[in-house]
Amino acid sequence: MPSLALPRPARPAWLSPRVFRTEALAGLVVALALIPEAISFSIIAGVDPGIGLFASFTMAVTIAFVGGRPAMISAATGAVALVIGPLNREHGLGYLIACVILAGVFQIVLGTLGVAKLMRFVPRSVMVGFVNSLAILVFMAQVPELTGVPWMVYPLVAAGLALMVLFPRITGAVPAPLVSIVILTTVTLAAGIAVPDVGDKGELPSSLPVPGLPDVPFTLDTLKIIAPYALAMALVGLMESLMTAKLVDDITDTRSSKTRESIGQGIANIVTGFFGGMGGCAMIGQTMINVKASGARTRMSTFLAGAFLMVLCVVFGPVVSEIPMAALVAVMILVSVATFDWHSVAPRTLRRMPLGETTVMAVTVLCVVVTHNLAVGVVVGSVTAAVIFAKRVAHLVDVGAVTDENGGRVVYTVTGELFFASSNELVEQFDYAKDGPPRVVIDLTAAHIWDASSVAALDAVTTKYEHRGRTVEIVGLNQYSARMHGTLSGELGGD
């Protein structure tokens, strides 16, 4: 008799001891790196350091369950801090918290509407620029930690870099960044070396966050104040998160649900707001530590990063405060070097790459470095790529003319894509004054009509010939082009 037993469900990957060890150690490294970053972003937003640390805790723990990209780290970020900082300075912390909650609602709505699908329109050159500008920003963020500091900071940073480069050759059982942090902390404490440490960045919280409602009047006036900031935060947060998710997809050769990630970011921000955090989004530098430097691949590392963060702050606060900033700076420098796409700027690559592609990458990097906002760079880079593409395609429209032997008609064969950028050039390629035959045939078999501008251009060509007493016949339209032309021809009001 055949067995009726149900098949066992697949065991989660993180239950494997080897995988769990990797995930746990990666989460610990990320938690250590999150502390000074979260404190710094709190300062940018103008709030108490605990607000940024609480946000990093709740964002990481929540997104581990509801996010679409395993192993990606979400926490308080500089981009979000820049957006909501002015609101906090003008109206206070209560309005900032309310803004974070509303931004989460916006992100859920945008995610449900399919905003993630817009990622398909981000060109590769913009993605390369995004990665390179990220690496530059991560490095630039370390520069203040290397200026005006005791001279011992420099050998400590160099030692940290050497440890992270050499230790993996001995064993990969423990993440090299964690080894570097532990060794440098031990050396500085044992030798009594006076260098800046994590405690210098701000006081760590001594208790867990408590849920509550934002201290604001629940009126239409409040909504008018926070809505513009919330929408800006939602858009910036989604763009950085989706770009980071795509980057991790490429690194790990796996796919993730961008729609789920968009909605998950919204849920995480709502939870963070109710716990009094400043909100956030995917954190690219820490994600690279988690995925690239530490080898994490599951949601467990994300969850543990948030959990360890609170444990380190609440339970081991005095010990964590003694970690030298030089150790964390070394980690972030190595991350920036590993993240930068060096192949994209190699002389051989630049010689072979079309100038337009290189220009788009450079524009993306320049915008990000100048504004310190990855979202701005992605938008400007994508627009630049679209303009260059439109200009390139516009010149691919070709018009050839053949006159019948009996002189009764002239046939124009149009080849190429007809859209707003090529329509003006199309109108100029007909010889209205010199065409003698009474019939003009425009053959679009090898062309495609994409938009109303192309229909308007064909109407203009027809009108110009009709004013000279000639009849025009348009033939060879494919199904889409015929429907577009049939619906709009004569309805656009121009000649």
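Data block above holds the structure.
Parameters and conventions
Residues numbered from 1 in each chain as written. Predicted model: local features only at pLDDT ≥ 70, side-chain atom pairs only at ≥ 80, totals over all residues. Heavy atoms only, no water. Helix = DSSP H or I, 4+ residues; strand = E, 2+ residues; numbered from the N terminus. Buried < 20%, exposed > 50% of the residue type's maximum accessible area, 1.4 Å probe, protein only. Contact = heavy atoms within 4.5 Å. Areas by Shrake-Rupley, 256 points an atom, 1.4 Å probe, with all protein chains shown as cover. Lys, Arg positive; Asp, Glu negative; His and termini not counted. Charge placed at Lys NZ, Arg CZ, Asp CG, Glu CD. Pairing = 2+ DSSP bridges. Right-handed = clockwise from strand over helix to strand, strands pointing away. Axes fitted to C-alpha atoms, helices over the stretch in contact; angles between N-to-C directions. Nonpolar A, V, L, I, M, F, W, Y, C, P; charged D, E, K, R; others polar. Left-handed = near helix turned anticlockwise from the far one by under 90°. Phe/Tyr/Trp six-rings, centres within 6.5 Å; stacked < 30°, edge-to-face > 60°. Lys NZ or Arg CZ within 6 Å of the ring centre and 35° of its normal. 1 Å grid on protein atoms, 1.4 Å probe; cavity = no way out; pocket = protein on both sides within 12 Å on 5 of 7 lines; lining within 4 Å. Points joined across faces, edges and corners; volume = space filled by probe spheres on them. Patch = residues over 30% accessible without salt bridge, like charges linked within 9 Å, V, L, I, M, F, W, Y side chains within 5 Å. Salt bridge = Lys/Arg side-chain N within 4 Å of Asp/Glu carboxyl O. Core = buried A, V, L, I, M, F, W, Y, C linked by side-chain atoms within 4.5 Å. Disulfide = S-S within 2.5 Å.

1. Considerations on the overall build of the protein chain
- Secondary structure summary: the protein chain contains 19 helices and 6 strands in total.
- The 495 residues of the protein chain split such that 51% are buried.
- Across the protein chain, every contact between residues at least 6 apart in sequence was considered, and the portion connecting residues at least 24 apart equals 84%.
- Roughly 22900 Å² of accessible area belongs to the protein chain as shown, and the carbon and sulfur atoms make up 65% of that amount.
- In the protein chain, 31 side chains carry a positive charge and 33 a negative one; their mean positions are 10 Å apart.

2. So, the environment of Gly277
- Here Gly277 lies in the loop between helix H9 (258–274) and strand S2 (281–282).
- Once you skip the residues sitting within four places of it in the chain, Gly277 turns out to touch Ile51, Ala55, Leu96, Ile97, Val100 and Thr272.

3. Quick notes on the pairing of strand S5 (residues 439–449)
- Most of S5 is tucked away, with 8 of its 11 residues classed as buried.
- Examined bridge by bridge, strand S4 (residues 409–418) and S5 share 9 bridges and lie parallel to one another. Each residue of the ladder has a partner; that of Thr413, found in S5, is Asp443.
- Crossover connection from S4 via helix H17 (residues 420–427) to parallel S5: handedness right-handed.
- Across 5 bridges, S5 lies against strand S6 (residues 471–475) in parallel orientation. Following the sheet pairing, Ile442 is matched in S6 by Ile474.
- In the classification by handedness, the crossover that spans S5, the intervening helix H18 (residues 452–466) and the parallel S6 is right-handed.

4. A closer look at the packing of helix H3 (residues 78–91) against helix H4 (residues 93–112)
- The interhelical angle for the contact between H3 and H4, taken along N-to-C directions, is 145 degrees, at an axis separation of 7 Å. Residues Ile84, Leu87, Asn88 and His91 of H3 lie in contact with H4, whose contacting residues are Leu93, Tyr95, Leu96, Cys99 and Val100.
- Of the residues assigned to the contact of H3 with H4, the class counts are 7 nonpolar, 2 polar and no charged.

5. Describing the packing of helix H5 (residues 124–140) against helix H15 (residues 355–371)
- Remark: H5 packs on H15, axes separated minimally by 8 Å, with the N-to-C direction vectors making an angle of 35 degrees. The handedness of the crossing between H5 and H15 is right-handed. Touching Ser125, Val126, Val128, Gly129, Phe130, Asn132, Ser133, Ile136, Leu137 and Met140 of H5 are Glu357, Val360, Met361, Thr364, Val365, Val368 and Val369, all from H15.
- Here the residues of the contact of H5 with H15 are counted per class, giving 11 nonpolar, 5 polar and 1 charged.

6. Points about the packing of aromatic side chains
- Enumeration according to the criterion identifies 8 aromatic pairs in this entry.
- Taking the centre distance of 4.5 Å and the plane angle of 45 degrees together, the rings of Phe340 and Trp342 count as tilted.
- Accessibility expressed as a relative area gives 15% for Phe340, which makes it buried.
- The rings of Tyr412, Phe430, Tyr432 and Tyr465 are connected pair by pair, giving a single aromatic cluster.
- Cation over ring: Lys464 sits above Tyr432, and NZ or CZ is 5.8 Å from the ring centre.

7. Structural notes on the environment of Tyr229
- Of note, Tyr229 is situated in helix H8 (residues 220–252).
- Linking Tyr229 and Val100, residues 129 residues apart in sequence, is a C-alpha distance of 8.9 Å.
- Once residues within four sequence positions are removed from consideration, Tyr229 is found in contact with Val83, Pro86, Leu87, Glu90 and Cys99.

8. Comments concerning the layout of surface pockets
- Taken as a whole, the largest pocket holds about 720 Å³ of empty space.
- For the lining of the largest pocket, the elements supplying multiple residues, two or more each, are helix H1 (17–45), H3, H5, helix H10 (284–293) and helix H13 (325–339).
- Ranked by the residues each element gives to the lining of the largest pocket, the list is headed by H1, at 6 residues.
- Looking at side-chain class alone, the lining of the largest pocket contains 20 nonpolar, 8 polar and 4 charged residues.
- Each pocket or cavity is described by its volume, and for the second largest pocket that value is around 410 Å³.

9. Looking at the sheet that holds strand S3 (residues 398–403)
- With respect to topology, 4 strands assemble into an open sheet ordered S3-S4-S5-S6, the strand pairing being mixed. Strand pairing shows two members of the sheet lacking a second neighbour, S3 and S6, which therefore form its edges. The sheet shows a mean angle of 20 degrees between the axes of neighbouring strands, taken without regard to direction.
- Docked against the sheet, H18 engages S4, S5 and S6, running at close to 170 degrees with respect to S5.

10. Looking at a nonpolar patch on the surface
- Judged by side-chain polarity, Val311, Val315, Phe316 and Val319 come together as a nonpolar surface patch covering roughly 360 Å² of accessible area.
- Among the structural elements, Val319 can be located in helix H12 (residues 317–320).
- Here Val319 falls in the exposed class, since its relative accessible area comes to 56%.

11. Some points on the nonpolar core
- Formed by 104 residues in total, the largest nonpolar core has its most connected members in Ile35, Leu53, Ile84 and Met278.
- The greatest single-element share of this core, amounting to 12 residues, is contributed by H1.
- Grouped together as the second largest cluster of nonpolar side chains are 21 residues, Val399, Val414, Leu458 and Met484 included.

12. Side note on the state of the cysteines
- Overall, the coordinates contain 0 disulfides when judged by the stated rule.
- Free of any disulfide, Cys281 has its nearest cysteine sulfur in Cys99, 13 Å distant.
- Left without a disulfide partner, Cys367 is nearest to the cysteine sulfur of Cys281, which lies 19 Å away.
- Given a relative accessible area of 19%, Cys367 falls into the buried group.

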